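Each chain, letter by letter, is given below.
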Amino acid sequence: NILHEATGTGIGTKGDTKTINISAISGGYSLTDTTHTGKIITYDAKTTQTRGNVVTSTSTLFNTTTQRAAVDAHYYADVVYDYYLNTHNRDSYNGKGAAVESVVHFDKNYNNAAWTGQYMIYGDGDGVTFSELSGAKDVIAHELTHAVTETSSNLVYENQPGALNESFSDVFGYFVDPDDWLMGEDIYTPKIAGDALRSLSDPAKYDQPAHMNNYQNLPNTKAGDWGGVHINSGIPNKAAYNTIQKIGKVKAEKIYYRALTQYLTTNSQFVDAKKALVQSATDLYGATEAAAVTEAWNAVGVT
Ligand SMILES: O=C(O)[C@H](CCc1ccccc1)CC1(C(=O)N[C@@H](Cc2c[nH]c3ccccc23)C(=O)O)CCCC1
Ligand SMILES: [Ca+2]
Ligand SMILES: [Zn+2]
């Protein structure tokens with residue numbers, strides 16, 4: 001793909017300038033990054049609920065207002081691709097160089113983002129609860145980690161396995177964006193500074209339980225957030241915070257990656273995650289790190 005590879009300049013959702021990997025096409029350039037085994041391709045749904053079309057420009061500049069969400073989705077997808085490749089030697093989300101596709105301007109005023117099983121989708125938000133959701137590196141890492149989980153442990157998206165699925169996405173969101181313990185701070189409530197969607201250090205700050213005593217038994221329905229997967233994730237998120245505080249990010253991310261891809265399975269419960277992480281700590285490091293993981297989970301009531 002050397003023939004088509006080019007370097008572009010984009011403006012992101014915060015008005016910042018970013019260098020992006022693009023491709024030369026007839027008549028201009030497209031948001032197609034061919035610098036990895038897996039192409040990174042970014043589409044514009046133009047407020048429909050389809051994948052839309054690949055974003056193009058007649059020059060190497062992607063600097064129009066409507067292109068901002070795409071520039072961020074494209075740039076952060078490359079950052080997360082590099083994270084998994086360079087830190088965990090995983091080539092794309094499936095380890096086999098799958099193409100990474102993102103769709104921006106998905107639906108109208110859509111206050112959410114998701115991994116659909118085929119590609120990532122990012123809403124524009126309503127400008128009150130959310131701004132364009134591709135504007136946050138930790139959100140892209142969260143979504144792409146759902147694809148990593150789906151192609152490895154495939155934790156089912158309900159009840160405790162679902163809360164683990166959610167937690168691993170938040171925790172790798174932290175590993176990629178370790179400047180704070182917050183999830184989604186860059187795109188949540190654009191008119192209010194300092195808040196976030198979730199906190200790993202203090203889940204209760206955003207109404208999540210941080211201990212098994214406060215586990216919320218919700219119905220396994222859409223309205224019940226599939227048994228509270230975005231709520232009860234506060235408990236494993238707090239355990240991850242405890243672990244990282246004790247043994248540091250470098251060891252923790254290796255332990256979390258090994259547990260997610262080697263030990264966890266579709267129906268793993270919180271206690272199985274604790275065991276998988278303790279085993280991974282023992283495999284990779286030793287008794288000190290394993291004890292730290294044990295204490296981290298005991299402290300949230302998973303004994
Ligand atoms: O990936 C995920 O877990 C979330 C996508 C969940 C989803 C699943 C299936 C179909 C549609 C949406 C998206 C994110 C999320 O945590 N969403 C939460 C919180 C949330 C965002 N927008 C909302 C609007 C209403 C209620 C809750 C929310 C949720 O969907 O619960 C992750 C990081 C930022 C947004
Ligand atoms: Ca963050
Ligand atoms: Zn999620």
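Quick caveat, the model's predicted, so the values are computed rather than measured.

**Here's the deal with the overall build of the chain**
When its secondary structure is counted, the chain shows eight helices and 13 strands. Computed over the C-alpha atoms, the radius of gyration of the chain is 19 Å, within 12% of the 19 Å expected from 2.2 N^0.38 for a compact globule of 303 residues. Seen through its principal axes, the chain has C-alpha atoms that stretch 60 × 40 × 30 Å. By the burial criterion, 54% of the 303 residues in the chain qualify as buried. Carbon and sulfur atoms provide 48% of the accessible area of the chain, an area that totals close to 12,400 Å².

**Points about the side chain of Ser23**
Counting through the fold element by element, Ser23 comes out in strand E2 (residues 17-25). Reaching out from Ser23, the side chain makes a polar contact with the backbone oxygen of Thr32 at a distance of 2.7 Å. Excluding anything up to four places from it in sequence, Ser23 contacts His4, Ala6, Gly28, Tyr29, Ser30, Thr32 and Thr34.

**Here's the deal with the coordination of the zinc ion (ligand 3)**
Angles at a metal have ideal values that depend on geometry: 109.5 degrees with four tetrahedral donors, 90 or 180 degrees with six octahedral donors. Surrounding the zinc ion (ligand 3) are the protein donor atoms His142 (NE2), His146 (NE2) and Glu166 (OE), which sit 1.9 to 2.0 Å from the metal. Along the chain, the residues that donate to the zinc ion (ligand 3) are spaced as H-x3-H-x19-E. Separated by 20 residues along the polypeptide, His146 in helix H2 (residues 137-150) and Glu166 in helix H3 (residues 159-176) bring together distant segments of the chain. Taking relative accessible area as the criterion, His146 reaches 10% and is therefore assigned buried.

**Topic: the coordination of the calcium ion (ligand 2)**
Only Asp138 (OD), Asp177 (OD), Asp180 (OD), Leu182 (O), Glu185 (OE) and Glu185 (OE) from the protein reach the calcium ion (ligand 2) as donors, at distances of 2.4 to 2.6 Å. For the calcium ion (ligand 2), the six donor atoms in the first shell make angles of 51 to 159 degrees at the metal, a pattern classed as irregular. Motif for the calcium ion (ligand 2), donor spacing along one chain: D-x38-D-x2-D-x1-L-x2-E. We classify Asp177 as buried; its relative accessible area is 7%. Relative accessible area serves as the criterion here: at 16%, Glu185 is assigned to the buried category.

**A short note on the sheet that holds E2**
Strand order in the open sheet formed by five strands is E7-E3-E2-E1-E8, with mixed pairing between adjacent strands. At either end of the open sheet lies a strand with only one pairing partner, and these are strand E7 (56-57) and strand E8 (61-62). Relative to E8, strand E1 (residues 5-11) runs parallel, the two being bridged by two bridges. Bridge pairing in E8 links Gly10 to Phe62. Contacts between helix H1 (residues 68-88) and the sheet are confined to E1, E2 and E8, with E2 contributing the most and set at about 90 degrees to the helix.

**Here we look at the packing of helix H5 (residues 234-247) against helix H6 (residues 249-263)**
At their nearest, the axes of H5 and H6 sit 7 Å apart, and the two run at 135 degrees to each other. If you check the angle between H5 and H6, you find them oblique. Counted together, Pro236, Ala239, Ala240, Thr243, Ile244 and Ile247 of H5 and Lys249, Lys251, Ala252, Ile255 and Tyr256 of H6 form the full contact between these two elements. Per-class residue counts for the contact of H5 with H6 are eight nonpolar, one polar and two charged.

**Considering the side chain of His88**
With respect to the helices and strands, the residue His88 is situated in helix H1. Polar side-chain contacts of His88 include one of 2.9 Å to the side chain of Tyr83. When neighbours within four sequence positions are excluded, His88 is seen to be in contact with Tyr83, Phe172, Glu253, Lys254 and Tyr257.

Basis of the calculations
For every chain, the first residue of its written sequence is number 1, and the numbers climb from 1 along that sequence. Each chain is given a letter, starting from A, and each ligand a number, starting from 1, according to the order in which they appear as written. In keeping with the model being predicted, local features are shown solely for residues with a pLDDT of at least 70 and side-chain atom pairs are shown and tallied solely at 80 or more, while totals for entire chains, interfaces and linings include all residues. Just so you know, side-chain values use all the structure's heavy atoms and leave hydrogens and water out. Per the convention used, a helix needs a DSSP run of H or I reaching at least four residues, while a strand needs a run of E reaching at least two, with both numbered from the N terminus. For the radius of gyration, the atom set is restricted to C-alpha positions; the globular benchmark scales as 2.2 Å times the number of residues to the power 0.38. Each residue's exposure class comes from its accessible area (1.4 Å probe, protein chains only) as a fraction of the maximum for that residue type: buried when under 20%, exposed when over 50%, partly exposed otherwise. The Shrake-Rupley method, run with a 1.4 Å probe sphere, supplies the accessible areas, and residue values consider only the shown protein chains as cover. Here a polar contact is recorded for every N or O atom pair within 3.5 Å, except that within protein the pair must consist of a potential hydrogen donor and a potential acceptor, and residues adjacent in sequence are included only if both atoms are side-chain atoms. We call two residues in contact whenever any of their non-hydrogen atoms come within 4.5 Å of each other. In this analysis a donor is any N, O or S atom within 2.8 Å of a metal ion (3.2 Å for sodium, potassium and calcium), and since water is not included, sites may seem incomplete. Labels for metal geometry use angle windows, namely 85 to 135 degrees for all angles of a four-donor tetrahedral site, and for square planar (four donors) or octahedral (six donors) sites opposite donors over 155 degrees apart plus all others within 65 to 115; sites meeting none of these are irregular. Pairing between strands is defined by DSSP: at least two bridges between them are needed. The axes used here are C-alpha line fits, helices contributing only the stretch in contact, and every angle between their N-to-C directions lies in the interval 0 to 180 degrees. Each angle gets one of four labels, with under 35 degrees taken as roughly parallel, over 145 as roughly antiparallel, 65 to 115 as roughly perpendicular, and the rest as oblique. Throughout this entry, Asp, Glu, Lys and Arg are counted as charged residues, while Ala, Val, Leu, Ile, Met, Phe, Trp, Tyr, Cys and Pro are counted as nonpolar. The remaining residues, Gly among them, count as polar.

Purely spatial values, then, with no claim about function.
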